[in-house]
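Architecture and fold: a report
So you can see what is in the structure, the chains are spelled out below.
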Amino acid sequence: MKLTGRQLFRIFLIVLLSTWWFLSHSVIAQADISNISVTPMIEDSNVTDRFQLIVKPGQVRKVTISFTNFGSSDVTLSVVPRNATTSDDGKIVYTRNVSAGDNKLQFAFKDMTESRTIHLKAQQTKDITFSINTPKSPFLGMVMGAFFVYDSSQTPSAGNVSVPVWLTQTNKAVGGSLLLAGISTAAVNQQPYVYVNLSNTQPGLMKNVIVHMNIRRNGFMEWLNLGLKPMTADLKYDTIAPNSRIPISFNQKQTPIKAGNYVVSGTARTGKTEWKFGGTYSISQAEADKVNKASKNLVYDYTWAYLLGIAGLVLLIIIVLILIHHQLRYRPRHLRTRSSQGGRRTK
């Protein structure tokens, strides 16, 4: 059957509108994986960059993600379920492996679904469906999970993308609660860092959190005001993930990490709610050595060696003076008599 010009125009218009609807209801979550697009297949939702699921206990939900390889060679992708965490610059990330119990997390997303390996030929697209087995027990707040995708032939830091999956049973907001969770160390870009760690122990997303934190080393050189100087951080976190660690970073730059006790104090505030923190924590010599060995261009402070050398010299002088004094005071009597007589003869 021969189509008229009006019928061809109608078909073209339908195809055009269908394409526009598909693009407006799905987001290509393409980040840093070369020639790869990852698209959550979301329908009937005003939110297109993640799956938002209201679930019931023990329910099985299915989500579909489209993977496309635009490159000229085959690629293998790893898809790993992760929970949301908070970066030190206040962003939601899915780069860490989180387990149930971490920061009082009740349910880990990795326990609800499974990892997958996706093989894509050049110019190939695959739509993969994942089953999510929701917890059989009721839970409050939100489980912020994601499918974390990276090239299996490279490390995740070389390029990755996340497709968030947020689950709730009540769809009611739950507030967060912060506590001080100690300190830690790490080498980042070959520079030593000390972290003061806060913890959001509630299954609620927090926003606009202002943090003021102090940390100082409690040692003899610091008491003499010759050691490490106190450090202060004033930060604003736009978002803090539920049940996540909040790292407050102190870049030591060229200063090596020193083992010892560190005193931490600070506050955090969001809206009218405020938390105060304080505690003393230790960095072991093994931790300090590990970070310092992984760092470069460190400048070591040898003030303690100079002070020790000066103290040793002063002590040596004192010992010599004491010996001289002792020798003069306890010389034999006949030697002292001869010395006195010799003195009179000279006169």
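Residues numbered from 1 in each chain as written. Predicted model: local features only at pLDDT ≥ 70, side-chain atom pairs only at ≥ 80, totals over all residues. Heavy atoms only, no water.

**As for the overall build of the protein chain**
Inclusion rule: Runs of E in the DSSP output that reach at least two residues are strands. Runs of H or I that reach at least four are helices, and both are numbered from the N terminus. Only protein chains enter the accessibility calculation, which uses a 1.4 Å probe. A residue is then buried if its area is under 20% of the maximum for its type, exposed if over 50%, and partly exposed in between.
Looking only at helices and strands, one finds 5 helices and 17 strands in the protein chain. Taking all 347 residues of the protein chain together, 37% fall into the buried category.

**Regarding the nonpolar core**
A general tendency of soluble globular proteins is for nonpolar side chains to be buried together. Definition in use: We define a nonpolar core as any set of buried Ala, Val, Leu, Ile, Met, Phe, Trp, Tyr and Cys residues linked to one another through side-chain atoms lying within 4.5 Å.
Val196, Met213, Ile215, Ile248 and Phe250 are the most contacted members of the largest nonpolar core, which has 29 residues in total. For this core, the secondary-structure elements that each account for two or more residues are strand S11 (178-188), strand S12 (191-200), strand S13 (206-217), strand S14 (231-240), strand S15 (244-251), strand S16 (260-270), strand S17 (273-283) and helix H3 (285-293). Ranked by residue count, the leading element in this core is S13, at 5 residues. Leu53, Ile65, Ile128 and Ile132 belong to the second largest nonpolar core, which has 28 residues in total.

**Points about H3**
Applied cut-off: The arc refers to the directions leading from the helix axis to the C-beta atoms. The contact definition used throughout considers only heavy atoms, calling two residues in contact when any of these lie within 4.5 Å.
Every buried residue of H3 is accounted for by Ala288, Val291 and Asn292. Projected onto a plane normal to the axis of H3, the buried residues spread over an arc of 100 degrees and lie on a single side. Those residues of H3 that are exposed and aimed more than 90 degrees away from the buried face are Ala286, Lys290 and Lys293. Those residues of H3 hidden inside the fold are in contact with S11, S12 and S17.

**Thoughts on unusual backbone geometry**
At Asn35, a residue that is not glycine, the phi angle is positive and equals roughly 65 degrees. Owing to a relative accessible area of 40%, Asn35 belongs among the partly exposed residues under this scheme. One non-glycine residue with positive phi stands out, namely Lys104, at about 60 degrees. For Lys104, a relative accessible area of 60% gives the class exposed.

**Side note on the pattern of salt bridges**
In plain terms, the rule: Salt bridge, as used here: a side-chain nitrogen of Lys or Arg that lies within 4 Å of a carboxyl oxygen of Asp or Glu.
Going through the model one piece at a time under the given rule, you end up with 3 salt bridges. Measuring nitrogen to oxygen at the nearest pair gives 3.4 Å for the salt bridge that ties Arg50 to Asp49.

**Considerations on the side chain of Asn292**
Where we set the bar: Here a polar contact is taken to be a pair of N or O atoms separated by no more than 3.5 Å, where protein atoms must pair a possible hydrogen donor with a possible acceptor and residues adjacent in sequence count only if both atoms sit in side chains.
Within the secondary structure, Asn292 sits in helix H3. Of note is the side chain of Asn292, whose polar atom sits 2.8 Å from the backbone nitrogen of Ile257. Discounting residues that sit within four places of it in the chain, Asn292 has contacts with Pro256, Ile257, Leu298 and Tyr300.

**Here we look at the pairing of strand S2 (residues 51-54)**
Let me state the cut-off plainly: Two strands qualify as a pair provided DSSP detects at least 2 bridges between them.
What you see with S2 is a clean split: Phe51 and Leu53 sit on the buried side and Gln52 and Ile54 on the side with no burial. Direction of pairing for S2 relative to strand S10 (residues 160-168): parallel, over a ladder of 4 bridges. Along S10, the bridge assignment pairs Gln52 with Trp166.

**Looking at the sheet that holds strand S4 (residues 75-83)**
Hydrogen bonds between backbone atoms are what pair the strands of a sheet, whose relative direction is either parallel or antiparallel. The following threshold applies: In this analysis an axis means a line fitted to C-alpha atoms, helices contributing only their contacting stretch, and an angle means the value between N-to-C directions, from 0 to 180 degrees.
Strand order in the open sheet formed by 5 strands is S2-S10-S9-S4-S7, with mixed pairing between adjacent strands. Each end of this open sheet is capped by a strand with a single partner; those strands are S2 and strand S7 (116-120). With direction set aside, neighbouring strand axes in the sheet form an average angle of 20 degrees.

**Concerning the packing of aromatic side chains**
Note the threshold: Only centres within 6.5 Å qualify two rings of Phe, Tyr or Trp (six-membered ring in Trp) as a pair; their planes then separate them into stacked at under 30 degrees, edge-to-face at over 60, and tilted for everything else. Counted as over-ring charges are cases with an Arg CZ or a Lys NZ within 6 Å of the ring centre that also lie within 35 degrees of the ring normal.
Tallied over the full model, the rule gives 6 aromatic pairs. Relative to Tyr195, the ring of Tyr193 lies with its centre 5.8 Å away and its plane at 15 degrees, an arrangement referred to as stacked. Across the pair, exposure class does not vary: Tyr193 and Tyr195 are buried alike. Each residue in the set Phe109, Phe130 and Phe147 is aromatic and connected to the rest through ring pairs, giving one cluster. Against the face of Phe130 rests Arg116, its NZ or CZ located 5.3 Å from the ring centre.

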